[in-house]
Every structure is written in C-alpha cells, then in structure tokens.
Amino acid sequence: MSTSSKNVIRCTATGDAMITKRLPIDGEYSGFNAVRDFIMQGDFRFSNLETTVHNFESCAGARSGGSWLCSPPGVLEDMRKFGFNILSTANNHALDYSYEGLEKTLQNIERANFPFTGTGRSLADASKPAYLDTVSGRYALIACSMSFNPENMAGAQSSRLPGRPGVNGIRVNKKYLLPPEDLKNLEQIAAKLGINCKDEILRGEGYLPQLKEGVQPFGDLMFELSDHAEIVSTVNESDMQRITAAIAEARFMADYVVVSMHNHELCGKSKETVDPVSIEFARKCIDAGADAVIGTGPHLLRPMEIYNGKPIFYCLGDFIIQLETIQSAPEDMFARQKLSGDERLDVLFNTRSNFGKRGLCYDPIMYKSVIPYWEVTDGQLSKMTFMPIEEMFALPRSRSGWPQPNNSMQILEHFAGLSRNFGVDIKIENNLGVLQI
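Residues numbered from 1 in each chain as written. Predicted model: local features only at pLDDT ≥ 70, side-chain atom pairs only at ≥ 80, totals over all residues. Heavy atoms only, no water.

What follows is about helix 8 (residues 276-287). The first and last C-alpha atoms of helix 8 sit 16 Å apart over twelve residues, in line with the 16 Å expected at 1.5 Å per residue. Within the sequence span of helix 8, burial applies to Val277, Ser278, Ile279, Glu280, Phe281, Ala282, Cys285 and Ile286. One or two steps after helix 8, the chain reaches Gly289, where phi turns positive at roughly 125°. (Helix = DSSP H or I, 4+ residues; strand = E, 2+ residues; numbered from the N terminus. Expected span 1.5 Å × (residues − 1). Buried < 20%, exposed > 50% of the residue type's maximum accessible area, 1.4 Å probe, protein only.)

This next bit is on the state of the cysteines. What is meant by a disulfide is a covalent connection between two cysteines, made through their sulfur atoms. Throughout the structure, instances matching the rule amount to zero disulfides. Considering cysteine sulfurs only, Cys267 is the nearest to Cys315, which forms no disulfide, with 13 Å between them. The class of Cys315 is buried, set by a relative accessible area of 1%. (Disulfide = S-S within 2.5 Å.)

Here the focus is a nonpolar patch on the surface. A surface patch of nonpolar side chains, about 270 Å² in accessible area, is lined by Ile189, Leu193 and Ile195. Position of Ile195 relative to the elements: it lies in the loop between helix 5 (180-193) and helix 6 (197-204). (Patch = residues over 30% accessible without salt bridge, like charges linked within 9 Å, V, L, I, M, F, W, Y side chains within 5 Å. Areas by Shrake-Rupley, 256 points an atom, 1.4 Å probe, with all protein chains shown as cover. Salt bridge = Lys/Arg side-chain N within 4 Å of Asp/Glu carboxyl O.)

Of all hydrophobic cores here, the largest spans 34 residues; its most connected members are Val35, Leu49, Met79, Phe82, Phe319, Ile320 and Trp402. When residues no more than four places from it in sequence are discounted, the contact partners of Leu49 are Ala17, Ile19, Leu76, Met79, Leu87, Ser88, Thr89, Asn91 and Ile109. Counting 32 residues, the second-largest nonpolar core is a separate cluster that includes Phe313, Leu316, Ala416 and Leu435. (Core = buried A, V, L, I, M, F, W, Y, C linked by side-chain atoms within 4.5 Å. Contact = heavy atoms within 4.5 Å.)

Next up, the structure:
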C-alpha cells in the first residue's frame, strides 16, 4: 500500500522518558500545554519508556541499567496526557527488576492499551512490530537495544521450551587490532598474569578452537595482528537479519515503518560523537526498507542525518529525566555506594552524586533536547521542524525533570551545528528549527 497524495504521514518523536513521578494533580505545569500541542501534531507520537512500571512487586535484578528504575503504573496515564500513542520499551533498564518486573511492566502497558514493542515474553515477542492505525495510514514500530546486560536479551522459543523474556537485543561484535610490537607485549603480559590459563586448558581438551596465526587472547578480549591499533565494531549478523526480517514484514503491513535503537556506545572524546556501529545499523535499517530511525540512549543530543531521503536521529536526548525521585531502591544500589540498605534515599543519592558534583542529574546538558515533527508526502520527506526543550534543571528535584519549551536558541544552534557534519541544514525560524529540504 503506497502513500496517497491526499494523505500525509505525520510523526513526532522524543528521546528517553525516565519518568518516575506523576504529573501535578491540580493542573498542568508551566510549558506542558506547548509541549503537548507540538507532540499532538503527529499521528504517530513516539517515546522511549526507560523505566519499569509496577509497584515494587518483584525482586531487583542482580544488575541494572545504572539505577534500578521503577515507576508507578499511573505514569502511563501521564504519558497519554503528553500525547504519546506508541512506545518503545527496549533499553538497558527494562529488566532492572528481573523477569517478574518485566512481566509486571508488560501487563501494565497492555492494560493501558498502549501499542509497544522492544521487550516481550520471548525473542519473537520482543522483536515483532507494533502497529498504529490512524486516518493518515498505518504506522509500524520496531524497537531494539544495543545496550543491555547479556542475561537480559530475550531468548527464542523452541519446540521443547518456551522463550526467555527480555529485550530485543542487538549484539555488537568487536575486533581489537594491534601492531606487531604491541601484540607481542600483550602476549608477554598475558603469560605473566596467567590470564588465559582456563581457556588454554579448554582449548587443549578440544572445547575451544585452536588460535589462528596472528591472534592473541587476553581474558575475554581477542586481539589480532594489524599495522595499526583500532577497535572495529560491527552489528551481529543474526541480530541484523532478525531486524531486517521484521522491517520486511512491517513494510508489507504498514504505510510507514520506524525503527527505534537504544545505544550507549561511545567513541572519540565526546558523548555527542556518533559511534560507527550506530551509523552502520541505522543505515542498514533504511536500506532494508525502514522510513525513519530514532536513536536514544546517551542522554544528550546527537546529530541527525538524511540518508537516502529518510531521517535518522542518532539520539534525541532526554524527554523526561527523574532519576532521584524513585520511591525505593534495592540493597544492591546502596551496596554500590558502600552503604547499607537501611540508609535513607537522600543518603544514597547524596553519596552517589558527591552532593551534586557528579552524575546525569547534575549535568545541564542532559536536560536539553529537541522534539522533531516531520511530514512525508507521496513518499518524500516534505517538512520537518524541531521544538527545543529543557527539563527545568534549575528547579528542585521535586519539580524538575519535566519538559518545557526553551526559547534561548542555544539548543537549536547546537543541534544544527552537530547535524551540519552530516550534511543537514537546519535554520531557526520563530523559535523552531526548520530543516531545509
């Protein structure tokens, strides 16, 4: 089914919604209406729900995505109030409260009648497209995460056993290259430490393949001989095939296909630098038939590009950031700060942040983002504007973290500068960014 000239595809998208408290019960906060109205321009209105949603009914996972995030089910009602009608749940916090916490989250989102994808009760469930039917057409969302603890990846169902609940994970293969002298030094260090003893025994017993010429293991890392030092990251082939298969199915079923990717991969000396594996993955999704790719994860703005006429947002930053208003925390979170679980939450967060001197909640750049709205007419990108937002960094944590318009133009100028490196021309008109098409 092709897009009719009488129908215009309309989309809005935001970054991470780390929402852990409810909207005010006695009315909208300053700036809420403007943000909601901008979001409501789209027929497809997306956000990444980066939290678990339940009433602490389950035990915490042994590992988390950083903090152990949990939000009351009522936050789903608040996401509706902002205008969102489809969600991604694929991120590194999805199993902060283990498999039972994920199940409770799935149940609560299903009960709220929110289309969503990215996590599920099996790998097939987590990776299937979610669909949204509107008067302008049918939209499909496929969501995945490159950042997750290995045990949190969903497992495939077989004829013998059910699948494992978890995230639609995209694994990243890394190849470590070193020149001859460095590789020889590494071999000597490994021998002195005995770091490869276990694998050498297993290799001798035939449980591991013999090493190829020019390859040196160092614990869990494998280094290869080269004429230069480099880390080469590539998307796992089987995971990429699963995503492209989902895109093909969604392409058949829907008029417009969006892929959401969550990724904390870093390279270079700045978090704003787009890592090569995100570029590889996003472009492969477009090549496979996706119409747009929305990146989330690093908690700050990254550039966008137009690839083969399709938008790729490498990270839209934070839409809501409320990390220090969770209502409880497991023993493990206290133990990380060398505290007992009997301490108060204020002691936990003050210790972790060194009384406001470090952490996401104390870095103003994490509170600045944009919301894109775009239109596609007859299959061609025809319009795109950006609302700059900030999440009230200067307010007390009891009231901060909510998005409101920012009219200083610094956010738009910064975003335009980042995106210029990808050949994207964004002008500022009437306090909005405007893509020059």
